[in-house]
Amino acid sequence: ANIYNHNTEFSIPSGCRGIDITAYQRINIYSNTITYQSGGKQGIFLQNAPRCFLINNTITGYKNDAPFSIGIAALKSPYNTYCCNKVPGNATGIYFSGDCDQSHVKHNIMSSNNYGLQCGFATWIGFQKLAYSNTWPGSAVNFEAFHSGSPNDMVRSKFDVTNGPSDFFPVPTPLALWFE
């Protein structure tokens, strides 16, 4: 059975998470607005949570609380769809760790973060198609997209941005193994 969380507004106090999905699958999280009062942890947190849909959520954080405020964090959560989310002003907009293979990261707006999109060590998310058209409007303090895994992990997380508009290609330019 699918479980839904939608059309909710959260104001997160310091050190807390907005939505925490651990060891569940097929959770649909859409049209939520999550704002940090100060020093929040993660707006939406997934761990061992496959086959979830995160659609049209807005998570606004305080990037000066780095590395703690993360808009969306997914740990070992494969086969998920992250679509049309807005994650402005976080230390990290969207963060992946571990096996998040066959994730679909599409039409998200990652703006004014320290890192817009970040993949940790030994992390892969699967091939991302050009039509997925994520954007990084404005600039990030550090990198709009950053992968700290091996070259093999980067190849297994490749974004096709060939001939796409400039907002589809994050800057500063990450390693060519990840975006091309």
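Structure first, text after, so check above.
Rules behind the numbers
- Residues numbered from 1 in each chain as written.
- Predicted model: local features only at pLDDT ≥ 70, side-chain atom pairs only at ≥ 80, totals over all residues.
- Heavy atoms only, no water.
- Pairing = 2+ DSSP bridges.
- Helix = DSSP H or I, 4+ residues; strand = E, 2+ residues; numbered from the N terminus.
- Core = buried A, V, L, I, M, F, W, Y, C linked by side-chain atoms within 4.5 Å.
- Buried < 20%, exposed > 50% of the residue type's maximum accessible area, 1.4 Å probe, protein only.
- Contact = heavy atoms within 4.5 Å.
- Phe/Tyr/Trp six-rings, centres within 6.5 Å; stacked < 30°, edge-to-face > 60°.
- Lys NZ or Arg CZ within 6 Å of the ring centre and 35° of its normal.
- Axes fitted to C-alpha atoms, helices over the stretch in contact; angles between N-to-C directions.
- Salt bridge = Lys/Arg side-chain N within 4 Å of Asp/Glu carboxyl O.
- Polar contact = N/O pair within 3.5 Å; in protein donor to acceptor, adjacent residues only side chain to side chain.

Draft legend 1. Geometry of the pairing of strand β11 (residues 92-97). Pairing between strand β9 (residues 70-75) and β11: five bridges, direction parallel. Looking at β11, one finds that I70 is bridged to T92. Bridging between β11 and strand β13 (residues 115-119) involves four bridges; their strand directions are parallel. Bridge pairing in β13 places F96 opposite C119.

Draft legend 2. Highlighting the nonpolar core. In terms of nonpolar packing, the biggest core is built from 32 residues, with F96 and L117 touching the most fellow members. Every element with two or more residues in this core is listed here: β3 (19-22), β4 (27-30), β5 (33-36), β6 (42-47), β9, β11 and β13. Once residues lying within four places of it in the same chain are set aside, the contact partners of L117 are I94, F96, M110, W136, E144, A145, F146, F159, W178 and F179.

Draft legend 3. Spatial organisation of the packing of aromatic side chains. The final tally for this structure, using the stated rule, is two aromatic pairs. Between Y115 and F146, the ring centres sit 5.7 Å apart and the planes meet at 45 degrees, which makes this aromatic pair tilted. One end of the pair, Y115, is in strand β13; the other, F146, is in strand β14 (residues 143-147), with 31 residues separating them in the sequence. Using a relative accessible area of 26% as the deciding quantity, one classes F146 as partly exposed. Its guanidinium or amino end placed over the ring of Y79, R51 lies 4.4 Å from that ring's centre, counting from NZ or CZ. A cation sits over an aromatic face here: R156 above W124, 4.0 Å from the ring centre.

Draft legend 4. Fine view of the sheet that holds β6. One open sheet holds the six strands; their spatial order is β3-β6-β9-β11-β13-β14, and the pairing between them is parallel. If you trace the sheet from one side to the other, it starts and ends with β3 and β14, each paired once. In this sheet, neighbouring strand axes are inclined to one another by 5 degrees on average, regardless of whether the strands run parallel or antiparallel. With four bridges connecting them, β13 and β14 associate as parallel partners. Residue pairing across strands places L117 opposite A145, the latter belonging to β14.

Draft legend 5. Broad picture of the pattern of salt bridges. Under the defined criterion, the tally for this structure stands at one salt bridge. For D20, the salt bridge identified is with R17, shortest N-O distance 2.9 Å. With a relative accessible area of 40%, D20 lands in the partly exposed category.

Draft legend 6. Unusual backbone geometry, seen in detail. With phi around 60 degrees, R51 is a residue other than glycine that occupies positive phi space. With respect to the helices and strands, the residue R51 is situated in the loop between β6 and β7 (53-55). Positive phi is not limited to glycine here, since Q102 has a value of about 60 degrees. Considering the arrangement of structural elements, one finds Q102 in the loop between β11 and β12 (104-106).

Draft legend 7. Expanded view of the environment of N134. By the secondary structure assignment, N134 is in the loop between β13 and β14. Here N134 falls in the buried class, since its relative accessible area comes to 4%. Note: C-alpha distance between N134 and V161 (27 residues apart in sequence) is 9.3 Å. One polar contact links the side chain of N134 to the main-chain carbonyl oxygen of V105, over a distance of 2.6 Å. A polar atom in the side chain of N134 sits 3.1 Å from the backbone nitrogen of N108.

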